[in-house]
Amino acid sequence: MKRSTKRRLRQGGLYAVLAAVVVLLAVTIDWQKVHDNFWASGLGGNWHDLIVTGVKNTAVYTAVAFALGLALALLLALMKLSDVVVYRWIATAYIELFRGLPALVTILFMAFAVPIAFQWRPPGGTAGAGVVGLVLVAGAYMAETLRAGLQAVPKGQAEAARSLGMGPARTLIHIVIPQAFRIIIPPLTNEFVLLIKDTSLLSIVGATVGQRELTNVTRDFMSSGPTAGTGTSLAQAALLYLIITLPLTRLVAWLEKRQQRAR
């Protein structure tokens, strides 16, 4: 039997298995219960609060955490590449600490433990303190990405700039950092996507009505309102998260392919 024929038969068998699994699921699932629990009242009237409050605050928290985390990450990356040994130790210790701790532990620590210990009133209350926790975690992860990007810039670029009379700081700002950012755009975009999902952890620390992010709004609808006691609002939140993150993940894939072609 020809190899191409064997391949077609194998593929046909795999398709048949997949079709059998789909049919089995379609027959065994109680679609009425699915409708009642995840599609109650045609997904209900929760969209306004989910989008206007939940999605908006999720976007704000993500943008703030990403911007501040990126600034912190750049500082840590430069410290880790510094000639000063103490700076390298501090940066390494920070990165290892906050990459080793679960993000939820860091958020809870900043929202409750630090304010109690230091009598600190975080801006924005516990939600604001939770965002600070996200900044600390995001900074640790992005620092390693930035460090790799800075080290990927050919040393000849910096040497050429120095030979033209540019100082170390000017060379770093105008030559090295811009090229490093072009290299690390795909992983930074991926980190942004992860940060969007990590904002859901803020739901554990509580927030005022106007500060709730998407998961927090969802939890409120699951306990009260026309769709209480069902997973309808959870299905809505999942759909909104996918609408936000899927285009970004496709953008990451496109940027990675473009970067590979450029090489």
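Computed from a prediction, not measured in an experiment: that's the story for all the values here.

1. As for the overall build of the chain
- What the chain contains, in helices and strands, is 10 helices and zero strands.
- For the chain, the α and β elements follow one another from N to C terminus as α-α-α-α-α-α-α-α-α-α.
- For 263 residues, the compact-globule estimate of 2.2 N^0.38 gives 18 Å, and the C-alpha radius of gyration of the chain, at 24 Å, exceeds that figure by more than 25%.
- Its C-alpha atoms put the chain at 75 × 75 × 30 Å along the principal axes.
- With 263 residues in all, the chain has 36% of them scored as buried.
- Surface exposure of the chain reaches about 15,500 Å², of which carbon and sulfur atoms provide 67%.
- Positive and negative charge centroids in the chain, built from 25 and 12 side chains respectively, lie 14 Å apart.

2. Some remarks on unusual backbone geometry
- Unusually for a residue other than glycine, Q119 sits at a positive phi of about 50°.
- Its location among the elements puts Q119 in the loop between helix 5 (103–118) and helix 6 (125–152).

3. Points about the packing of helix 6 against helix 8 (residues 168–198)
- Packing of helix 6 against helix 8 brings their axes to within 8 Å, and their N-to-C directions diverge by 150°. Here helix 6 lies roughly antiparallel to helix 8, going by the angle between them. Here helix 6 runs over helix 8; the crossing is right-handed. Residues L134, A138, Y141, M142, T145, L146, G149, L150 and A152 of helix 6 form the contact with helix 8, whose participating residues are V176, I177, A180, F181, I183, I184, P187, L188, E191, L195 and D198.
- Grouping the amino acids of the contact of helix 6 with helix 8 by side-chain chemistry returns 16 nonpolar, two polar and two charged.

4. A closer look at the side chain of S203
- Following the sequence through the fold, S203 ends up in the loop between helix 8 and helix 9 (214–223).
- Those residues within four positions of S203 in sequence are excluded, and the remaining contacts are E213, T215, N216 and R219.

5. Quick word on helix 5
- Here helix 5 spans 21 Å end to end across 16 residues, near enough to the 22 Å set by a 1.5 Å rise per residue.
- Maximum bend of helix 5: about 40°, positioned at F109.
- Turning to helix 5, its buried residues number three or more, namely A103, T106, I107, M110, A111, V114 and P115.
- Q119 sits one or two positions beyond helix 5 and adopts a positive phi of about 50°.

6. So, the environment of L195
- Tracing the backbone shows L195 in helix 8.
- Judged by relative accessible area, L195 falls into the buried class, the value being 1%.
- Distance from L195 to A65, taken between C-alpha atoms, is 7.9 Å for residues 130 residues apart in sequence.
- When sequence neighbours within four positions are dropped, the list of residues in contact with L195 reads T62, A65, F66, L134 and A138.

7. Considerations on a nonpolar patch on the surface
- A cluster of nonpolar side chains, contributed by V17, V21, L25, I29, W31 and V34, occupies part of the molecular surface with about 530 Å² of accessible area.
- For the nonpolar patch, the secondary structure elements donating two or more residues are helix 1 (3–28) and helix 2 (31–38).
- If you tally residues by element for the nonpolar patch, the top one is helix 1, at three residues.
- Along the chain, I29 falls in the loop between helix 1 and helix 2.
- On the basis of relative accessible area, I29 is assigned to the partly exposed category, the value being 33%.

8. Points about the confidence of the model for the chain
- Of all residues in the chain, 92% attain a pLDDT of 70 or more, and the chain-wide mean is 84.
- For the chain, helix 2 is the element with the lowest average pLDDT, namely 70, and helix 4 (residues 85–100) is the one with the highest, namely 94.

Cut-offs used in this document
- Residues numbered from 1 in each chain as written.
- Predicted model: local features only at pLDDT ≥ 70, side-chain atom pairs only at ≥ 80, totals over all residues.
- Heavy atoms only, no water.
- Helix = DSSP H or I, 4+ residues; strand = E, 2+ residues; numbered from the N terminus.
- Rg over C-alpha atoms; globule rule 2.2 N^0.38 Å.
- Buried < 20%, exposed > 50% of the residue type's maximum accessible area, 1.4 Å probe, protein only.
- Areas by Shrake-Rupley, 256 points an atom, 1.4 Å probe, with all protein chains shown as cover.
- Lys, Arg positive; Asp, Glu negative; His and termini not counted.
- Charge placed at Lys NZ, Arg CZ, Asp CG, Glu CD.
- Axes fitted to C-alpha atoms, helices over the stretch in contact; angles between N-to-C directions.
- Parallel < 35°, antiparallel > 145°, perpendicular 65-115°, else oblique.
- Left-handed = near helix turned anticlockwise from the far one by under 90°.
- Contact = heavy atoms within 4.5 Å.
- Nonpolar A, V, L, I, M, F, W, Y, C, P; charged D, E, K, R; others polar.
- Expected span 1.5 Å × (residues − 1).
- Bend = angle between axes of the 7 residues up to and from the residue.
- Patch = residues over 30% accessible without salt bridge, like charges linked within 9 Å, V, L, I, M, F, W, Y side chains within 5 Å.
- Salt bridge = Lys/Arg side-chain N within 4 Å of Asp/Glu carboxyl O.
- pLDDT = per-residue confidence, 0-100.

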